[in-house]
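Next come the chains, spelled out residue by residue.
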Amino acid sequence: MEHRPLIAQSDLSLLLEVDNPGFEEARQALVGFTELVKSPEHIHTYRLTALSIWNAVAAGITPDDMINRLRRYSQYAVPETASYFIQDQGRRFGRLQLKKAPDSDGFWLTGDDPTLLTQISRHRSVIPVLGPPLDNGFRIRPEHRGLLKQALAKAGWPAQDLAGYQPGRPLNLELRDVGLNGTNFFLRDYQRDAVNVFSASGNGVVVLPCGAGKTMVGIGVVAKESTWTLILTTSVAALHQWRHEILDKTTLGPEDIGEYSARIKELRPVTLTTYQLLSHRKGDTYPHFDTLNAQDWGLIIYDEVHLLPAPVFRLTASLQSRKRLGLTATLLREDGRADDVFSLIGPKRFDLPWKDLEEQGWIASAQCREIRVALSDSERDRYALAEDADRIRVAAENPAKLGTIEELLQEHRNDHVLIIGQYLSQLQSVQERIQAPLLTGQTPLAERERLYQDFRDGTIPVLIVSKVANFSIDLPEANVAIQISGTFGSRQEEAQRLGRILRPKSDGGQATFYSIVSAETKEQDFAQKRQLFLCEQGYRYDIAHADATGAPTDAPQVIPFSSYKEV
Amino acid sequence: MAFSLEDILLKLSEEGRRTIAAHTKIPYKPGKPLPFEKLIARVTNPVTLAELMRTLSPEEHGILSDWMLRTREEFTFPPLTSHSTALKLAGKLGVRGLMYQVQSSHGWLYTIPSEVSSPLLLALLQHHESPATMIAERRTPRPVDTAPLWWPLAHNLFMIVSHARRESLPLSQQGFVYKRVINKLILKSWEHSTSGEALDLVIYFARRVGLLGYQNNSFRELGADIRNAHAFWQSSAKDLLKMVESTLVLHSNPTFQNLLWTMLGHLEPDQWLDLDALSRWATEEHVIAYSSYTRDYVINEAAALGLVELDKGLCRYTDTAYWGRRGLFEAVTTESIVIQPTGEVLVPPSAPYADRWKVDALATPVKWDRMVVYQIDRKSVEAAIDRGISIEDYLEAWKGLSRKGIPANVETNIRDWYRALTRHRILRATVIHSQDQTESAKLEQILTKAGEYQMRLSPQDLIISEAHLATIRKTLERAGIPIPQSIDTPGTVDEDDDMFDDDDMFDDDDMFDEVNHFLSEPIEVRPPQVVLHAVLPGVPLIPILDRYTIQNIVRESITNRYPLTVYYVVHPDDKIVTHVDLVSANIKEGSLIGIDIHQRAFSVPLQHVRSAIRRELS
C-alpha cells in the first residue's frame, strides 16, 4: 500500500512527514486552509483553526475541498472531529456581512439568517457595539467596526467585511531597480508573493524570519497600494532604518518621508512613528494618535507586530477603515494576545519556514550552541539561599560566564560579535573585562547610531548590547551572537536575538549563536523553553559544558567548538 | 464454559487421535498430540463442511440445528441415548474432529469446540440458504483494504495501562472506577470520545488478561505484572483482536453472538447485515435466549469497542475487525519512532506494540491520538532511574527504537539529567548511633561475629538490617550492651501527611475528598504475586525494563521483611542465571546487598540481577 505523508490527528493537528516522496505536494495542498505550527527536520506540524478555515473559505476553498485534500494525503482515515470541524467552521464564514449602510450613515451588519442575527444580537460581547436595528440587521458606528469584528470572531461567527477601505490620499512612487549605493534591487519571489497575498485582502500579518527582508515587503506593499502610509516602529533607531531603506529602494525623496517622534513632528505622505509615541497619553486623550488619525492614511504598517503594546490594540480598533499590515518574525505573544492581533490587524496571511529560506540562501545558515557553565561553590551557595525571585538573576550573572566569553572571543577574533544580555551590571562587568563598547537604553541616540554604524563598518568588531538591540536593528555583518542572559523563557526573544545575525553574509559564511547559561539552575530550564520555537523551526542546539572558571570541561574540547565539524 | 480444541487435543485418547487422523488424513505420530493448526484448517474447510452437510439426513440437520441454535449456550450437550440418530450424528461429527466427549465437573458431556462452532454453523446456514435472506441489498465499498494496527480498542487499552502505570485507578465502594477518573481517561481515549461504558469494558479486559492488578482498593499496573505486560505487548494485532473477541464479545451469550459473528464474517467487504432480517430469522428459528434486548446489547457493545459499524438498521464489521479477522493488518514498521530536537517522541500508528510499551517506560506521554506523542524530560529520566535503568541502557533503548537516532542536544540533556539525578539518593536505613567511635567499634566487632553487621555510615553510626532488629538487640543484650526499646526518627514527618504526599492517587483535592473514607480504615498491603516464567536457568534473559519489578520486589521485601530468592548473572553477558536465597536485602549505590540463608554477606550490581521472588515466611 502507498505510504502517504500525512497523519490527521483528532485534536485537529496535522503531521506531515518530511522524508515522504509526497511531502512537497501535500504541503502545497495544506497551504491555504491550515496553519504551520512547527517545522523541525523530520515531521512538520500544521493545525486546522477556525481562522485558517475562515480564511480559506474567504479565498474560495470549499470545506469539501479541504476534506478531500486531507483524505488524499492521509495515511489513515481522517478523524470525524476534523471533518466536522471543517464543515462547521466553513459554513460560519460569510453568514454575517459587514457592509456600508444603505443610507451611508456608518455600516450595516446583515445576513440571510434572521435567527443568527437574533442570536448574535444577544451575545454579551456583541451588544455594546451593536447599533439600532436596520432592515435585516443592525447599524454599526464606524468607530465600532473593529470591535464588532473582534467580538464576532470571538463568538465564532466572523463577519465578512465588505465595507471596503478608505482609499487614502494617493501617492506616486515606484520601486528602484538600483539602490542609491549602486546595488541592484528587486523583490524576491517570496517577498512579491507576500505583497500580493496581503494586497488581495487589505489586512493581515506577514511572518518572515529575521533577515528575510520584512521591511522590503512593507515597502513593496506601500508601492503597490500607492497611498499615504503610516508606519509604526519599535524605536527611533528602527524608524531611521525604515527611512533609510525607503529612500534607498523607492523613488520617494526626503521631502516625502516624515519622522513623527519626540524630537521631530513631521507629517508627510509616508510618516514614521513609534508605538511609544502613539500610545502616549495626556489625561483621557492620546494627542499624538489623534493628530496622526486625522490624516488620510490609506495604509498602516505595524513593524514587529508581536510587540504591539496594549494601548495600541485599543487605538487600532478604531482604524478599521484603513488597510493594515503587520510584520513580524515570531507571531508569538508571551502575553497570549495573538488573537487580538488577528482581530484588529488581521489574520496571518503569509508565512515561510525559516529553514526553507536558509536552504534558498536568503538568510544565513546558523549554528546554535548552548554552553552550560558551572557555578562556583560560593555562587552555588548564593543561588541556593536566594529568594525565588532573585535566583534567576544570580544564575544569569554567574561570573564564570566571563571566562567563557573570553574563550569564545578568542575563537571568533576575526568575526563580528554581538554580546547580548539582560542585566546592566552584568553587561558592565563584561565591558570592563573585554574593553568593548557597550550600548544600552541609556546610550544617547546619536551615540547609538554611531556605534551601530562603526560595527557595520567593522571598526568595532565586538559590541555589547542590552535588550534594546533585540529587534529591528539591521547589522548585516554580525555573524556571531553571544547571549549571556535573557528574559526568562521567552521564545520570541531567543528567536529575535538569533535574527540579529541571520542576514546573508557577503562571504556566504554561516552565523553562530551562543547561549551561555548557568548549569543546573533555573536558567538552564528556561533555556530549554527559550529554544523551543527555534527547535520547532528546525534549528538544533549543540550543548557543551564549562567549569566554574568558564573553561571547557567536555572532551574533546567543545568550547569554543574548535572540534566541531559540519556533517 | 466452551471447550477449546487446542486443550482437547492435548488430552485426547490415543484411539481418538488415530480415528480423527485417519478420517481427516492428517499425518499422525503415535503418542504425540494431533497438530492443531493443520487439524483446524482441515476440519473447518468450507468445502469439506459443505460436503458433510449434503450427506446428513433431514433429521440429522434438525438435530444439528437444535445443537447449534437451541440447546445450551456453550455448545455442550448432555449424554446421548444409545442407538439414537443424535448419537449417530455425534459419531459422524466426531470422526471428522468436529465433536468430542469430555469429562467435566458435571460428568461426561458432548461438545463442539469453540474454534469449530462458527464454521460449522455457517456451513449449516449456507446449506439452508439462510444467509442470503439476512444480507442487505445496500453495498458500501470499504475505503481501505487492510486493518490499521492502531485502532480504537488498542489505543484505549494501551492508554489505560499506561495511565495505571503512573497513577492508580481508584475504585468506589461499589467497585467501579471513579467517574472522575473515567472522565480523565475519556479525554485521552480514541478521538477523545470513547464512552465511559466502553472504557469500563476495556478495563475489564485489561484485568482479564493480567495487565491491571488490584491493590489497595484500586486497579493499577503492578510492578510485578510488568513481565506479563511485556509479554502481552509482544502480541500481534491479530492476537489482540482474537483475545478481544473471545473475552469481550463471545463471553456471555455465545449462541446469538456466534450467529451474529458468523454472519458478519460471511459478508463480502462491501455488504451489510440486515439486523431486522436477522432478528426475524432468529425468532423463527427459536434461537436460544434471543431477544431484541440481547441483540441491541451485544451489537451496541461491539460498536462501542470499535468492532462493528451501524447504519440505519444495518451492521457490518469495522475495517479493523473485517480485515483484521482475515489477518490483513497494515505492516508493522520497526524503528519508526521519531525523536525531535525538542525532546518530543512521535510514535506512529504502525509502530509495533512492543516498541510502544518500551517508549512508555522511557518517556512521559503528552498526547494520545493516532500519532501518540511522548516527551523526554527530567521527569521521564527520573522515572527511568527509579526503575534502575542505567544511562547506557536508557540511551541504548532509544537508539534501538528511533528511526533517526537521538538528537545530540536531547542526548546531552539526558546525560545531564542523569548526572544531576544520580549524584544523591535519599535512603531509609536503621542506624545504631553510638556515643563515641570506640563504642561504635565495639558494636561492629560483636555484630560482625554474629553475622548481623551490614555497613558503617560514620565513625559513630552503623547501619543494621531492620528485619533483624530483635536478634541484634538480643545479641547485644547478651554482650552486656542494652539498647533502649524506643527508636528515634529524626527528620520524619507525620505519617498521615507522608501518605498523602506519596500516593499519587490523591493528585487533586477533589479526588482526595472522594476517597477520604478509605483512609480511616486499615489498608491491606499485599506483596506482589510474582509468577516466575522466564527466570529459570538457561532461558533467555529478561528485558531491561524488569529492573523496575526487581526493585519493587526488593523494596516490598525490605518493608515487609520477607526473605527473597534473587536470580542474577555473574557477568552482564551471561545467559545462565544463578540464584541465592537472602534473609535480608537492601539496595545501595546501585547494588543489591544482603545476607543469605547461610548468614553470608552477598552483594551484586543491580544491573546483574535478572529477577527476584519473595519467599513465604516459615
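What counts and what doesn't
Residues numbered from 1 in each chain as written. Chains lettered and ligands numbered in written order. Predicted model: local features only at pLDDT ≥ 70, side-chain atom pairs only at ≥ 80, totals over all residues. Helix = DSSP H or I, 4+ residues; strand = E, 2+ residues; numbered from the N terminus. Buried ≥ 20, exposed ≤ 12 C-beta atoms within 10 Å, placed from the backbone. Contact = placed C-beta atoms within 7 Å. Rg over C-alpha atoms; globule rule 2.2 N^0.38 Å. Arc of directions from axis to C-beta. Axes fitted to C-alpha atoms, helices over the stretch in contact; angles between N-to-C directions. Parallel < 35°, antiparallel > 145°, perpendicular 65-115°, else oblique. Left-handed = near helix turned anticlockwise from the far one by under 90°. Nonpolar A, V, L, I, M, F, W, Y, C, P; charged D, E, K, R; others polar. Pairing = 2+ DSSP bridges. Expected span 1.5 Å × (residues − 1). Domains from an automatic or database assignment. pLDDT = per-residue confidence, 0-100.

We now examine the overall build of chain B. Along the backbone of chain B there are 26 helices and 22 strands. Buried positions account for 39% of the 618 residues belonging to chain B. Taking the contacts inside chain B whose residues are at least 6 apart along the sequence as the reference set, 65% of them involve residues at least 24 apart.

A word on the overall build of chain A. Scanning chain A for helices and strands turns up 21 helices and 23 strands. Taken against the 2.2 N^0.38 rule, which gives 24 Å for 567 residues, the C-alpha radius of gyration of chain A at 25 Å falls within 12% of a compact globule. Along the longest, intermediate and shortest principal axes, the C-alpha atoms of chain A span 75 × 65 × 55 Å. For chain A, with 567 residues in total, the buried portion stands at 50%. In chain A, the proportion of contacts linking residues at least 24 apart, taken out of those at least 6 apart, comes to 72%.

Bringing helix α19 (residues 378–386) of chain B into the picture now. Residue and element names in this part refer to chain B. All of the buried residues along α19 are Ser380, Val381 and Ala384. Axial view of α19: buried residues confined to an arc of 100°, hence all on one face. Looking at the buried positions of α19, the neighbouring elements they touch are α18 (353–362), β13 (364–367), β14 (372–375), α20 (391–401) and α21 (408–422). Phi turns positive, to about 80°, at Gly388, one or two residues after α19.

Positionally, Ser458(B) belongs in strand β16 (residues 455–458). Separated by 411 residues in sequence, Ser458(B) and Val47(B) have C-alpha atoms that sit 82 Å apart.

All right, on to the packing of α20(B) against α21(B) then. Residues and elements named next belong to chain B. The contact between α20 and α21 brings their axes to 11 Å, and the two run at 155°. With respect to each other, α20 and α21 are oriented roughly antiparallel. The way α20 lies across α21 gives a crossing that is right-handed. Residue-level contacts link Ile391, Tyr394 and Leu395 of α20 to Glu411, Ile414, Arg415 and Tyr418 of α21. Looking at the contact of α20 with α21 residue by residue, the class counts come to 5 nonpolar, no polar and 2 charged.

Here we take up the sheet that holds strand β7 (residues 133–134) of chain A. Residues and elements named next belong to chain A. Pairing is mixed across the open sheet formed by 5 strands, whose spatial order is β7-β8-β6-β5-β9. Edge positions in the sheet fall to β7 and β9 (159–161), since each has one partner strand and no second. Where strand β6 (residues 107–111) lies against strand β8 (residues 137–140), 4 bridges are found, and the strand directions are antiparallel. Bridging across to β8, Thr110 finds its partner in Gly137. Sitting on the sheet, helix α6 (residues 145–155) touches β5 (96–100), β6, β8 and β9, and the angle it makes with β9 is about 145°.

Below, the discussion takes up the packing of helix α20 (residues 491–499) of chain A against helix α21 (residues 522–536) of chain A. All names here are of chain A. As a packed pair, α20 and α21 sit with axes 7 Å apart at the nearest point and diverge in direction by 60°. Compared by their axis directions, α20 and α21 come out oblique. Crossing of α20 over α21 shows right-handed handedness. Contacts between α20 and α21 involve Arg491, Glu494, Ala495 and Leu498 on the former and, on the latter, Lys529, Arg530, Gln531, Leu532, Phe533 and Leu534.

A few words on the sheet that holds β16(B). Residues and elements named next belong to chain B. Here 3 strands make up an open sheet; going across it, the order is β15-β17-β16 and the pairing antiparallel. The strands lining the two open edges of the sheet, one partner per strand, are β15 (430–433) and β16. Shown here is a sheet whose adjacent strand axes are inclined to one another by a mean of 35°, direction ignored. Here 3 bridges tie β16 to strand β17 (residues 461–464), and the two strands are oriented antiparallel to one another. Looking at β17, one finds that Met455 is bridged to Ile463. Running over the sheet, helix α22 (residues 437–449) touches β15, β16 and β17 and is turned about 30° from β17.

Bringing the pairing of strand β10 (residues 314–317) of chain B into the picture now. All names here are of chain B. Sheet analysis places strand β8 (residues 271–274) next to β10, joined by 2 bridges and oriented antiparallel. In the strand pairing of β10, Asp274 is matched with Leu314. When strand β9 (residues 308–311) meets β10, the two strands line up antiparallel, connected through 4 bridges. The residue of β10 that forms the bridge with Asp311 is Leu314.

Residue and element names in this part refer to chain B. Its 13 residues give helix α16 (residues 292–304) an end-to-end C-alpha distance of 18 Å, which sits within 8% of 18 Å, the value for a rise of 1.5 Å per residue. Among all positions in α16, only Arg295, Ile299, Ala302 and Ala304 are buried. In this fold, the buried residues of α16 make contact with α11 (196–208), α13 (237–249), α15 (275–284), β9 and β10. Residue Gly306 follows α16 closely and has a positive phi angle near 85°.

Turning our eyes to something else, we now look at the domain arrangement of chain A. Residues and elements named next belong to chain A. With domains assigned, chain A is organised as domain 1 (6–92), domain 2 (96–161), domain 3 (189–352) and domain 4 (360–546). The distance between the C-alpha centroids of domain 1 and domain 3 comes to 31 Å. With 4 residues of domain 1 at the interface, the matching set in domain 3 holds 4 residues. Where the side of domain 1 that touches domain 3 is concerned, the elements lending two or more residues are β3 (35–38) and α2 (50–58). Partitioning the side of domain 1 that touches domain 3 into residue classes produces 2 nonpolar, 1 polar and 1 charged.

Take the domain arrangement of chain B next. Think of interface size as the accessible area that goes away when the parts come together; that is how it is often given. According to the domain assignment, chain B contains domain 1 (5–128), domain 2 (131–330), domain 3 (338–422), domain 4 (430–478) and domain 5 (544–614). Look at where the C-alpha atoms of domain 1 of chain B and domain 4 of chain B centre, and you get two points 72 Å apart.

Turning to the confidence of the model for chain B, a few remarks are in order. Residue and element names in this part refer to chain B. Overall, the prediction assigns chain B a mean pLDDT of 80, with 83% of residues at 70 or greater. Predicted confidence for residues 494–546 stays below pLDDT 50, and this span has 65 contacts to residues more than four positions away or in other chains. Across the whole predicted complex the pTM is 0.76, and at the interface the ipTM reaches 0.81.

Before going further, it helps to spend a moment on unusual backbone geometry. One non-glycine residue, Leu12(A), lies in the positive phi region at around 80°. Along the chain, the position of Leu12(A) falls in the loop between β1 (6–8) and β2 (13–17). Despite not being glycine, His192(B) has its phi angle at roughly 55°, a positive value. Looking at the secondary structure, you find His192(B) in the loop between α10 (179–188) and α11. The partly exposed category is assigned to His192(B), around which 14 C-beta atoms lie within 10 Å.

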